[in-house]
Amino acid sequence: MAVIRGAEARRSETPAGVMTTFASPTQGGASRSLWKVEARPGAVGPEHDFDSEQVWSWVAGAATVELGGETYSVAAGDTVVMPARTLRRVLADPADGYTAVVTAPAGARASSPDGADFGVPPWIV
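Residue positions within a chain follow its written sequence, with the count starting from 1. Restriction of local features to residues with pLDDT of at least 70 applies here, the model being predicted, together with a cutoff of 80 or more for giving and counting side-chain atom pairs; totals for whole chains, interfaces and linings are based on all residues. The side-chain figures draw on all heavy atoms in the structure; neither hydrogens nor water molecules are used.

The protein appears in an unreviewed UniProt entry as Quercetin dioxygenase-like cupin family protein from Nonomuraea rubra.

Encoded structure:
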């Protein structure tokens, strides 16, 4: 068992927001990765895909999730299971943004809509 202190959480920043890694293979030796996404108001994530399922649970704010050709409005308390190999994009609420906690298998790889490999994001490593 590993205890990962809050001060040891790894932060990764993108134009859409900040990902804070709570546990991953390189942070506590976990077989799953667990991280928090804090999206700025109005932030639009890129359209992309993953080779593994992800589970997102919103804890604050709201978002629009585009997933496999469907569009869903979500808010604090909602959870979305994003299947592997399903195009997705998350758009933050324009006024409040959102905070979500996400989990995925360690080593999950992202790709572009045309299949180009983006690799493993730093918050999942």
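Moving on from the model shown.
(A) Representation of the pattern of salt bridges within the structure. We count a salt bridge whenever a side-chain nitrogen from Lys or Arg sits within 4 Å of a carboxyl oxygen from Asp or Glu. According to the stated counting rule, one finds four salt bridges in the structure shown. R40 is paired through a salt bridge with E13; the nearest N and O atoms lie 2.4 Å apart. Pair noted here: R40 is in the loop between β3 (32–39) and β4 (49–50) and E13 is in strand β1 (residues 10–14), with a separation of 27 residues, a long-range link. Only protein chains enter the calculation, and the probe is 1.4 Å; a residue is then buried if its accessible area is under 20% of its type maximum, exposed if over 50%, and partly exposed in between. For R40, a relative accessible area of 32% puts it in the partly exposed group. Residue E13 is classed as exposed on the basis of its relative accessible area, which comes to 58%. Only DSSP runs of H or I reaching four residues or more are called helices, and only runs of E reaching two or more are called strands; each is numbered from the N terminus.

(B) Just the side chain of Q54, in detail. Within the fold, Q54 resides in strand β5 (residues 54–67). We define a polar contact as two N or O atoms separated by no more than 3.5 Å, with the added condition that, inside protein, one atom must be a possible hydrogen donor and the other a possible acceptor, whereas residues neighbouring each other in sequence contribute only through side-chain atom pairs. Reaching out from Q54, the side chain makes a polar contact with the side chain of R88 at a distance of 3.3 Å. We call two residues in contact whenever any of their non-hydrogen atoms come within 4.5 Å of each other. Non-local contacts of Q54, meaning those with residues more than four positions away in its chain, are made with W35, V80, V81, M82, R88, V102, T103, A104 and I124.

(C) Fine view of the environment of W56. With respect to the helices and strands, W56 occurs in strand β5. Considering only alpha carbons, one finds W56 and T79, 23 residues apart in sequence, at a separation of 5.5 Å. Those residues in contact with W56, other than ones at most four positions away along the chain, are V37, D78, T79, V80, M82, V90, Y98, A100, V101 and V102. In terms of polar contacts, W56 uses its side chain to reach the side chain of Q54, at 3.0 Å.

(D) Inspection of the pairing of strand β9 (residues 98–105) at higher detail. Where β3 and β9 come together, eight bridges link them in antiparallel fashion. Looking at the pairing, S33 lines up with A104 of β9. A pair of strands is considered paired only if DSSP assigns at least 2 bridges between the two.

(E) Quick peek at the nonpolar core. The biggest cluster of nonpolar side chains holds 24 residues, and the ones touching the most others in it are W35, W56, W58, V90 and Y98. Among the elements of the structure, β3, β5, β7 (79–82), β8 (88–92) and β9 are those that each provide at least two residues to this core. For this core, the leading source of residues is β5, giving five residues. Once residues lying within four places of it in the same chain are set aside, the contact partners of W58 are A63, V65, V74, A75, A76, G77, D78, V80, V90, Y98, T99 and A100. Grouping buried Ala, Val, Leu, Ile, Met, Phe, Trp, Tyr and Cys residues that are joined through side-chain atoms within 4.5 Å yields what is termed a nonpolar core.

(F) View of the pairing of β7. Of the two faces of β7, only one is covered, namely that formed by V80 and M82; the face formed by T79 and V81 stays uncovered. In the sheet, β5 pairs with β7 via four bridges, with the strands oriented antiparallel. Paired with S57 across the bridge in β7 is T79.

(G) Here's a closer look at the packing of aromatic side chains. Between the rings of Phe, Tyr and Trp (Trp by its six-membered ring), a pair exists once the centres lie within 6.5 Å; its type follows the angle of the planes, with under 30 degrees stacked, over 60 edge-to-face, and the other angles tilted. Applying the stated rule across the entire model yields three aromatic pairs. For the pair W56 and W58, a centre-to-centre distance of 5.5 Å together with 25 degrees between the ring planes defines the contact as stacked. Each member of the pair, W56 as well as W58, carries the same accessibility label: buried. Aromatic side chains W58 and Y98 sit 5.7 Å apart centroid to centroid with 55 degrees between the ring planes, which places their arrangement in the tilted category. Of the two residues, W58 is situated in strand β5 and Y98 in strand β9; the sequence distance between them amounts to 40 residues.

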